[in-house]
Amino acid sequence: MKKLALILSCLMLFFVCGCQRDGATGEKASGEITVLTSFYPMYVATINITDGVEGVKVVNMTQPQTGCLHDYQLTTQDMSLIETADVMVVNGGGMESFLDKVIKQHPKLKLIDASKDIPLLDDNPHVWVSITNEIQQVKNIAAQLAEIDPKHKDQYEKNCADYVAKLWKLQGDMHKQLDGFAGKKIITFHEAFPYFAKEFNLEIAAVIDREPGTEPTPKELEETIGIIKSSGIKAVFTEPQYSSGAANTIAAETGAVVYELDPAVTGEAKPTAKDDYLKIMKKNAETLVKALAN
Ligand SMILES: [Zn+2]
């Protein structure tokens, strides 16, 4: 079924790009295209797709430790990066709340919506945290980039296929590691893992920090502690992007052990980040195996 979907989407990609071959491109007079990515997961996907493609520069807009863009305010530096970009890759799905402003101020900027046609769970924008959706995002970015820059279409398609193959392999390995834990309940830090949990049949029993960036209220903490005690949950998961204070409080109250899951949103935006998503997810799988085996 998945193979059929892959073949179909490749055919569609071919058709779409074929039609756009003579369309306008986002190229500058110099021939160089600057692709701006909104945040880290978009950067990692895009440098894989543009790997070795001459004249395409990928720049990440936000700082390495920014993390998710919940309530993110554009800085002066971000504005000037947008000013000089030809193309901007966004996660979409509501992650970039500043997007309307950007579209209004830069009507000529070509936008690539990585979440195009990906169904959202409760308007949650953290789609890239499941491997299935990450694969779809990579295909989406590659297809839209090939429309904007048809000259390098073949290279984008080849890079896309190579990276998708690595993601398929990762997904297969993770299923082997995690399928035995199907139905297990987990407590995560913020609302980043519903797509991941769905993919690996885990159940998110509670989220410690309901509003990213604000500390959970005593009432919310109390509720989470109650859920852990009543369902015998043995592990809580923090995220490297947030303080683990609340998780430690919960752990002290319940005896649950604190582990770390990474939604792959922070890191240095350098060409060496190419395999970061693969590495982070591999580590997440190992952490879950350790945490859920108890
Ligand atoms: Zn988030």
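Check the entry above for the structure.
Criteria and cut-off values
- Residues numbered from 1 in each chain as written.
- Predicted model: local features only at pLDDT ≥ 70, side-chain atom pairs only at ≥ 80, totals over all residues.
- Heavy atoms only, no water.
- Donors = N, O, S within 2.8 Å, 3.2 Å for Na, K, Ca; no water.
- Tetrahedral: all angles 85-135°; square planar, octahedral: opposite > 155°, others 65-115°.
- Buried < 20%, exposed > 50% of the residue type's maximum accessible area, 1.4 Å probe, protein only.
- Salt bridge = Lys/Arg side-chain N within 4 Å of Asp/Glu carboxyl O.
- Helix = DSSP H or I, 4+ residues; strand = E, 2+ residues; numbered from the N terminus.
- Pairing = 2+ DSSP bridges.
- Right-handed = clockwise from strand over helix to strand, strands pointing away.
- Core = buried A, V, L, I, M, F, W, Y, C linked by side-chain atoms within 4.5 Å.
- Contact = heavy atoms within 4.5 Å.
- Expected span 1.5 Å × (residues − 1).
- Phe/Tyr/Trp six-rings, centres within 6.5 Å; stacked < 30°, edge-to-face > 60°.
- Axes fitted to C-alpha atoms, helices over the stretch in contact; angles between N-to-C directions.

### Examining the coordination of the zinc ion
For the zinc ion, the full set of protein donor atoms is Cys-68 (SG), His-70 (NE2), His-126 (NE2) and His-190 (NE2), at a range of 2.0 to 2.2 Å. Note that the zinc ion binds four donor atoms; their angles at the metal cover 100 to 114 degrees, and the shape is tetrahedral. Among the residues examined, Cys-68 registers a relative accessible area of 11% and is labelled buried.

### Quick look at the pattern of salt bridges
In total, this model carries eight salt bridges according to the counting rule given. With a closest N to O distance of 3.9 Å, Lys-166 and Asp-275 form a salt bridge. On the criterion of sequence distance, the pair formed by Lys-166 in helix 6 (residues 153-178) and Asp-275 in the loop between strand 8 (257-260) and helix 10 (276-292) is long-range, its members being 109 residues apart. Judged by relative accessible area, which is 37%, Lys-166 ranks as partly exposed. Exposure remark for Asp-275: the relative accessible area of 29% places this residue in the partly exposed category. Taking the shortest distance from any N to any O, the salt bridge between Arg-210 and Glu-223 comes out at 3.0 Å. Linking Arg-210 in the loop between strand 6 (203-207) and helix 8 (218-231) with Glu-223 in helix 8, this pair joins segments that are 13 residues apart in sequence.

### So, helix 2 (residues 40-49)
Most of helix 2 is tucked away: ten of the ten residues are buried. Inspection of helix 2 places Tyr-40, Pro-41, Met-42, Tyr-43, Val-44, Ala-45, Thr-46, Ile-47, Asn-48 and Ile-49 among the buried residues, and these make up the whole buried set.

### Quick word on the pairing of strand 1 (residues 33-37)
With five of five residues buried, strand 1 is to be regarded as a mostly interior element. Here strand 1 shows a buried face lined by Ile-33, Val-35 and Thr-37 and a second buried face lined by Thr-34 and Leu-36. Across five bridges, the pairing between strand 1 and strand 2 (residues 56-60) is parallel. If you follow Thr-34 over to strand 2, its bridge partner there is Lys-57. Where the polypeptide runs from strand 1 across helix 2 and back to strand 2, its parallel neighbour, the crossover connection is right-handed.

### Examining the nonpolar core
In this structure, Phe-196 and Tyr-277 are the most contacted members of the largest nonpolar core, which totals 74 residues. Leave out the neighbours within four places in its chain, and Tyr-277 touches Val-44, Trp-128, Val-129, Ser-130, Ile-131, Glu-134, Tyr-163, Leu-167, Leu-170 and Ala-264. Ranked by size, the runner-up nonpolar core spans 13 residues in total, among them Ile-228, Ala-246, Ala-247 and Ala-256.

### Quick notes on helix 5 (residues 131-148)
Its 18 residues place the ends of helix 5 26 Å apart at the C-alpha level, agreeing with the 26 Å of an ideal helix rising 1.5 Å per residue. Burial within helix 5 is extensive, with 15 of its 18 residues counted as buried.

### With respect to the packing of aromatic side chains
With the rule as written, the count across this model stands at six aromatic pairs. Ring plane angle 85 degrees and centroid distance 5.2 Å describe the contact between Phe-39 and Trp-128, whose orientation is recorded as edge-to-face. Taken together, the residues span a long stretch of sequence, with Phe-39 in the loop between strand 1 and helix 2 and Trp-128 in the loop between strand 4 (110-113) and helix 5 at a distance of 89 residues. As far as the burial class goes, Phe-39 and Trp-128 line up, both buried. Here the aromatic rings of Phe-193 and Phe-196 are separated by 6.0 Å at their centres, their planes lie at 90 degrees, and the arrangement is edge-to-face. Note on accessibility: Phe-193 and Phe-196 belong to one class, buried. Through successive ring pairs, a cluster of aromatic residues spans Phe-193, Phe-196 and Phe-200.

### Let's talk about the sheet that holds strand 4
Note on sheets: strands pair through backbone hydrogen bonds, and any given pair is parallel or antiparallel. If you walk across this open sheet you meet the four strands as 2-1-3-4, and the pairing is parallel. This sheet does not close on itself; its edge strands, each paired only once, are strand 2 and strand 4. Going across the sheet, the axis of each strand differs from the next one's by a mean of 25 degrees, ignoring polarity. Direction of pairing for strand 3 (residues 87-90) relative to strand 4: parallel, over a ladder of four bridges. Each residue of the ladder has a partner; that of Val-87, found in strand 4, is Lys-110. Strands in contact with helix 5 are strand 1, strand 3 and strand 4; relative to strand 4, the strand with the most contacts, it is inclined by about 155 degrees.

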